[in-house]
Amino acid sequence: MGTVLEAVALDCIFRAARTHNAFTEAQVTDDQLRGVYDLMKFGPTSANCSPARIVFLRSRQAKERLRAALSPSNLEKTMVAPVTAIVAYDQEFYEKLPYLFPHNPDAINWFKGNAAMIQSTAFRNSSLQGAYFIIAARALGLDCGPMSGFDNSKVDAEFFPDGKIKSNFLCNLGVGDATKLFPRSPRLNFEQVCTVL
């Protein structure tokens, strides 16, 4: 059996962790951002394809480029968050498979010319990597505010104009302001969700 994390660690990344809509003025450093990536990259993806690409928006100028794409409910909290990550996916991820999946040199050919497989693989696995990103950030003491509520086509046109990379979701990062949390929403229990056969 593998190592079991202590309760405090499980609380940090799951049980006591919350989605934050407001953050303190504490800044997020480049070293922290690198640390988050250097943890999340180890999460599994199919054939180690690793399609996620992340753009970190920290400066006011960078955030302004995002403004037109945000829904009204996500606008102000994103503008004032210390960092907003665009979690995206590379539709040409398979070009890196000779490096990422070297024990099967033919893996690149699973995807070449197969647009449907490229799309489903890139979206699914970048979503997985986005979840690893949130867990890694929480494990390193950052709070997260992941969200949809934006116009993907506007984000893609502004940040990925060559069309090879597509946005998946946004995630605000920083030290959350716990005084502005609302009561935690309920979760479904095991019996409501799970079937053991």
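Refer to the structure printed above.
The rules behind the values
- Residues numbered from 1 in each chain as written.
- Predicted model: local features only at pLDDT ≥ 70, side-chain atom pairs only at ≥ 80, totals over all residues.
- Heavy atoms only, no water.
- Axes fitted to C-alpha atoms, helices over the stretch in contact; angles between N-to-C directions.
- Helix = DSSP H or I, 4+ residues; strand = E, 2+ residues; numbered from the N terminus.
- Parallel < 35°, antiparallel > 145°, perpendicular 65-115°, else oblique.
- Contact = heavy atoms within 4.5 Å.
- Nonpolar A, V, L, I, M, F, W, Y, C, P; charged D, E, K, R; others polar.
- Phe/Tyr/Trp six-rings, centres within 6.5 Å; stacked < 30°, edge-to-face > 60°.
- Buried < 20%, exposed > 50% of the residue type's maximum accessible area, 1.4 Å probe, protein only.
- Pairing = 2+ DSSP bridges.
- Arc of directions from axis to C-beta.

A. Structural detail: the packing of helix H3 (residues 60-67) against helix H7 (residues 152-159). Contact pair H3 / H7: the axes reach a minimum separation of 9 Å and the direction vectors enclose 135°. Classed by the angle they form, the pair H3 and H7 counts as oblique. Residue-level inspection shows Ala62, Arg65 and Leu66 of H3 in contact with H7, the latter providing Val155, Glu158 and Phe159. Considered class by class, the residues forming the contact of H3 with H7 number four nonpolar, no polar and two charged.

B. A look at the packing of aromatic side chains. Enumeration according to the criterion identifies seven aromatic pairs in this entry. Ring centres of Phe101 and Trp110 lie 6.0 Å apart, and the angle between their planes is 65°; on these two criteria the pair is classed as edge-to-face. Under the relative-accessibility criterion, Phe101 is labelled buried at 16%. Pairwise contacts between aromatic rings join Phe93, Tyr94, Phe101, Trp110 and Phe111 into one cluster.

C. Representation of the pairing of strand S2 (residues 83-90). Counting buried residues along S2, eight of its eight residues qualify, which places the element largely inside the surrounding structure. Covered by surrounding structure in S2 are Val83, Ala85, Val87 and Tyr89 together with Thr84, Ile86, Ala88 and Asp90, the residues of both alternating faces. One ladder, built from six bridges, connects strand S1 (residues 52-57) with S2; its direction is antiparallel. Within the sheet, the bridge partner assigned to Ile54 lies in S2 and is Val87. Pairing analysis gives eight bridges linking S2 to strand S4 (residues 165-174), with the strands arranged antiparallel. Looking across to S4, one finds that Val87 is bridged to Phe169.

D. Main features of the environment of Pro183. One can find Pro183 in the loop between S4 and helix H8 (190-193). For the pair Pro183 and Asn109, spaced 74 residues apart in sequence, the C-alpha separation works out to 49 Å.

E. Expanded view of the pairing of S4. With nine of ten residues buried, S4 is to be regarded as a mostly interior element. The pairing of strand S3 (residues 143-147) with S4 spans five bridges and is antiparallel. In the strand pairing of S4, Pro146 is matched with Cys171.

F. Region of interest: the environment of Ala122. Turning to its location among the elements, Ala122 is positioned in helix H6 (residues 115-139). Taking the C-alpha atoms as reference, Ala122 lies 7.6 Å from Ala52; in sequence the two are 70 residues apart. Not counting residues up to four positions away in its chain, the partners in contact with Ala122 are Pro51, Tyr89, Asp90 and Phe93.

G. Spotlight on the sheet that holds S4. Read from one edge to the other, the open sheet built from four strands follows the order S1-S2-S4-S3, with strand pairing classed as antiparallel. The open sheet has two edge strands, S1 and S3, and neither has a second partner. Taking each pair of neighbouring strands and ignoring which way they run, the sheet shows an average axis angle of 30°. Against the sheet, helix H4 (residues 72-80) contacts S2, S3 and S4, and its axis sits at roughly 150° relative to S3.

H. Just H7, in detail. The set of residues buried in H7 consists of Val155, Asp156 and Phe159. When H7 is viewed along its axis, its buried side chains cluster within an angular range of 95° and face the same direction. Turned more than 90 degrees from where H7 packs its buried face, Ser153 and Ala157 sit exposed. Those residues of H7 that are buried are in contact with S1, H3, S2 and S4.

Honestly, that's just the spatial picture; any functional story needs more than this.
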